Amino acid sequence: MDTMYLDTLERQVKNNELFENIFEQVVSILTSFICFQREEEPIVLANYVVSTYFYNAFQFTPYIHINSPDFQCGKSTLLDILYELCYNSMKSANISSAIHRFTDYQKGTLLLDEMDRYDNEERREMVGILNSGFSKRGGKTHRLVGNSHQTQEFDTYCPKVFCSIGSEAINPTLVDRSIPIALDRATPEQLKETEMFIWTPTLEDRFDAISMQLENLAQEVDEENNPFFDIEDYLTSIAIMKATNPNARAIDITAPLLTIACLGNLEWATESLNAFNVLTSRDTVAMSVPRQLLGLCYEIFEQTTEDKIFTRDLADKINFFEDSQFASWNRGNGINPSQVTKNLKDFVGTSKDIRIGSNNGKGFYWNDFIPAFDKHIPRDVPNQSKVDNE
């Protein structure tokens, strides 16, 4: 990082011991129960938890998207932890018809589980509210209410957490407003290092201690008085994010978190700035589940002399990569052909009817992959003899 911005960050930090202690406690709880795939994730979440108590002080509030390729990866446990820690939280897996009432009346943190299970009609009902609700100025929706069907305005601005199987379960606009937390199934060694999330009086006391401290601190803030940070701190955070992150939307959603991080010490603020940039960088987005799958397809392509492949055979070859996440999908049975097709469609389109020898079935021509390989996979020029259709 440029020394100039380190100096700016150093002037920005408040070295507030209360907040330093809260950050430490939240990270301790998160890492006690969750096997994160990246060290930046609990840092981002600790800042996010604190930010939910002060979200009205900012023009934007980030969303969090917790996703995994399969069941039993810790999503529900993480959602339970955030439910206990975040401000005035509500958790639901079927809130679509009432979402605008919660955001307007309760004005807290909304946690939505199983986003992948909402049907198309429910998604359409929710998408406008969720898309607008990250912005304080734009976070409004209108509904006809009462027997007289009068138009009523509802406030949709509030912190939100989404949980789903698959990173593609939310639409691209929500992805743009969200910080991804990508979980995966823990290895036996990782499981030994984490605790079971069993609700006990001792654990309840740990959560209550954090939430009560944050509630007391939040009560000191109103529209006219904020003893912890001011608009100049927020603007400085925006300037730092602009200088260190090329993703324009990431600046909107991470500047509030950087303002919160600067309530701690310089080490925490520096680690947080790095974490925000890592998780919202275009490179991180590029390494989504479909992008990882495309990378494995390129490795398979490099080793074949054929010009086409059945989808079922492609799935089998992908599952041979035991170090990839796809081998653990579907309770250890690996990725299946329909999942291969679904995750590759944005790169190569849908599978086609093909014939190999005397067999017919759904599959892909390798030359359909070439444009995606050229755009997304750093590599040498491919051997064109492989990619001519019969």
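This structure is a prediction, so every number in the text was calculated from the model and none was measured. (Residues numbered from 1 in each chain as written. Predicted model: local features only at pLDDT ≥ 70, side-chain atom pairs only at ≥ 80, totals over all residues. Heavy atoms only, no water.)

## As for the pattern of salt bridges
Spelled out, the test is: Salt bridges are defined by distance alone: a side-chain nitrogen of Lys or Arg within 4 Å of a carboxyl oxygen of Asp or Glu. Helix and strand labels come from DSSP, where a helix needs a run of H or I of at least four residues and a strand needs a run of E of at least two; each type is numbered from the N terminus. Only protein chains enter the area calculation, which uses a 1.4 Å probe; residues under 20% of their type maximum are buried, those over 50% are exposed, and those in between are partly exposed.
In this structure the tally under the stated criterion is 10 salt bridges. Close ionic contact of Arg249 with Asp176 constitutes a salt bridge, the shortest N to O distance being 3.6 Å. Of this pair, Arg249 sits in helix H11 (residues 248–261) while Asp176 sits in helix H7 (residues 172–176), and the two are 73 residues apart along the sequence. Here Asp353 ties to Lys362 by a salt bridge, and the two come within 3.2 Å at their closest N and O atoms. Judged by its relative accessible area of 61%, Asp353 is exposed. Residue classification places Lys362 among the partly exposed positions, given a relative accessible area of 44%. What emerges from the salt-bridge pattern is a single network uniting Asp176, Arg249 and Asp252.

## Brief notes about the sheet that holds strand E3 (residues 110–112)
Picture the strands of a sheet paired through backbone hydrogen bonds; they go either parallel or antiparallel. Note the cut-off: A pair of strands is treated as paired once DSSP finds two or more bridges between them. Every axis corresponds to a line fitted to the C-alpha atoms, with the helix fit spanning only the stretch in contact, and the corresponding angles, defined between N-to-C directions, vary from 0 to 180 degrees. Note on contacts: a residue pair is in contact if any heavy atoms of the two residues lie within 4.5 Å.
Read from one edge of the open sheet, five strands run E2-E3-E6-E1-E7, paired in parallel fashion. Edge strands, defined here as strands with exactly one partner in the open sheet, are strand E2 (90–92) and strand E7 (178–182). Each strand axis lies, on average, 15 degrees off the axis of its neighbour in the sheet, ignoring direction. Bridge count for E2 against E3 is three bridges, and the pairing is parallel. In the strand pairing of E3, Ser92 is matched with Leu112. Across the sheet, helix H3 (residues 40–51) is in contact with strand E1 (63–68), strand E6 (160–165) and E7; its angle to E7 comes to roughly 135 degrees. The strands touched by helix H5 (residues 99–106) are E2, E3 and E6; relative to E3, the strand with the most contacts, the crossing angle is about 155 degrees.

## A word on the sheet that holds strand E9 (residues 352–356)
Judged by pairing direction, the sheet is antiparallel, and its three strands sit side by side in the order E8-E10-E9 without closing on themselves. Both edges of this open sheet fall to strand E8 (308–310) and E9, since each of them pairs with a single strand only. The average angle at which neighbouring strand axes cross in this sheet is 60 degrees, direction not considered. Here E8 runs beside strand E10 (residues 359–365); their pairing, made up of three bridges, is antiparallel. Across the sheet, the residue bridging to Phe310 is Gly363, located in E10. Sitting on the sheet, helix H15 (residues 311–319) is in contact with E8 and E10, with an inclination near 85 degrees to E8.

## A word on the packing of aromatic side chains
To keep it simple, the criterion reads: Pairing of aromatic rings covers Phe, Tyr and Trp, the last counted by its six-membered ring, and requires centre-to-centre distances within 6.5 Å; plane angles under 30 degrees mean stacked, over 60 mean edge-to-face, and any other angle means tilted. We call a charge positioned over a ring when the NZ of a Lys or the CZ of an Arg lies within 6 Å of the ring centre and within 35 degrees of the ring normal.
Overall, the coordinates contain 23 aromatic pairs when judged by the stated rule. Each ring, one from Tyr298 and one from Phe301, has its centre 6.1 Å from the other, and the planes form 35 degrees; the classification is tilted. With a gap of three residues between them, Tyr298 and Phe301 both fall in helix H14 (residues 289–302), about one helical turn apart. Note on Phe301: relative accessible area 0%, which makes it buried. With centroids separated by 5.3 Å and ring planes inclined at 45 degrees, the aromatic side chains of Phe301 and Phe373 adopt a geometry described as tilted. Of this pair, Phe301 sits in helix H14 while Phe373 sits in helix H18 (residues 370–376), placing them 72 residues apart in sequence. Joined through ring pairs, the aromatic side chains of Phe19, Phe54, Phe58, Phe228, Phe229 and Tyr234 make up one cluster. A cation over a ring is seen here: Lys91 above Tyr83, with NZ or CZ 5.5 Å from the ring centre.

## Focus: a negative patch on the surface
Definition in use: Patch definition: residues with relative accessible area over 30% and no salt bridge; like charges joined within 9 Å; nonpolar side chains (Val, Leu, Ile, Met, Phe, Trp, Tyr) joined within 5 Å. To be clear on the numbers: accessible area is Shrake-Rupley with a 1.4 Å probe, and residue cover counts the displayed protein chains and nothing else. The charge count includes Lys and Arg as positive and Asp and Glu as negative, but it does not include His or the ends of the chains. Where a charge lies is defined by one atom per residue type, namely NZ (Lys), CZ (Arg), CG (Asp) and CD (Glu).
A contiguous patch of negative charge, built from Glu204, Asp205, Asp208 and Glu215, is present on the exposed surface. Within the secondary structure, Glu204 sits in helix H9 (residues 201–218).

## Section: the layout of surface pockets
Operational definition: Think of a 1 Å grid over the protein atoms and nothing else: a 1.4 Å probe that fits but is trapped marks a cavity, an open set flanked by protein within 12 Å on at least five of seven lines marks a pocket, and residues with an atom within 4 Å of a point count as lining. Grid points are joined across faces, edges and corners, and a volume is the space filled by probe spheres set on the points. Amino acids outside the nonpolar list (Ala, Val, Leu, Ile, Met, Phe, Trp, Tyr, Cys, Pro) and the charged list (Asp, Glu, Lys, Arg) are all regarded as polar, and Gly is one of them.
Roughly 560 Å³ of volume is contained in the second largest pocket. Lining the second largest pocket are 22 residues, with Phe54, Asn56, Ala57, Val221 and Asp222 positioned closest to its centre. Residues of the lining of the second largest pocket, tallied by class, amount to 11 nonpolar, five polar and six charged.

## Concerning the pairing of E6
Looking down a regular strand, the side chains alternate between one sheet face and the other. Within E6, five of the six residues are buried, leaving the element largely enclosed by the surrounding structure. Relative to E6, E1 runs parallel, the two sharing six bridges. Within the sheet, the bridge partner assigned to Ile64 lies in E6 and is Val161. Bridge analysis of E3 against E6 gives three bridges, and the strand direction is parallel. Bridge pairing in E6 places Leu111 opposite Val161.

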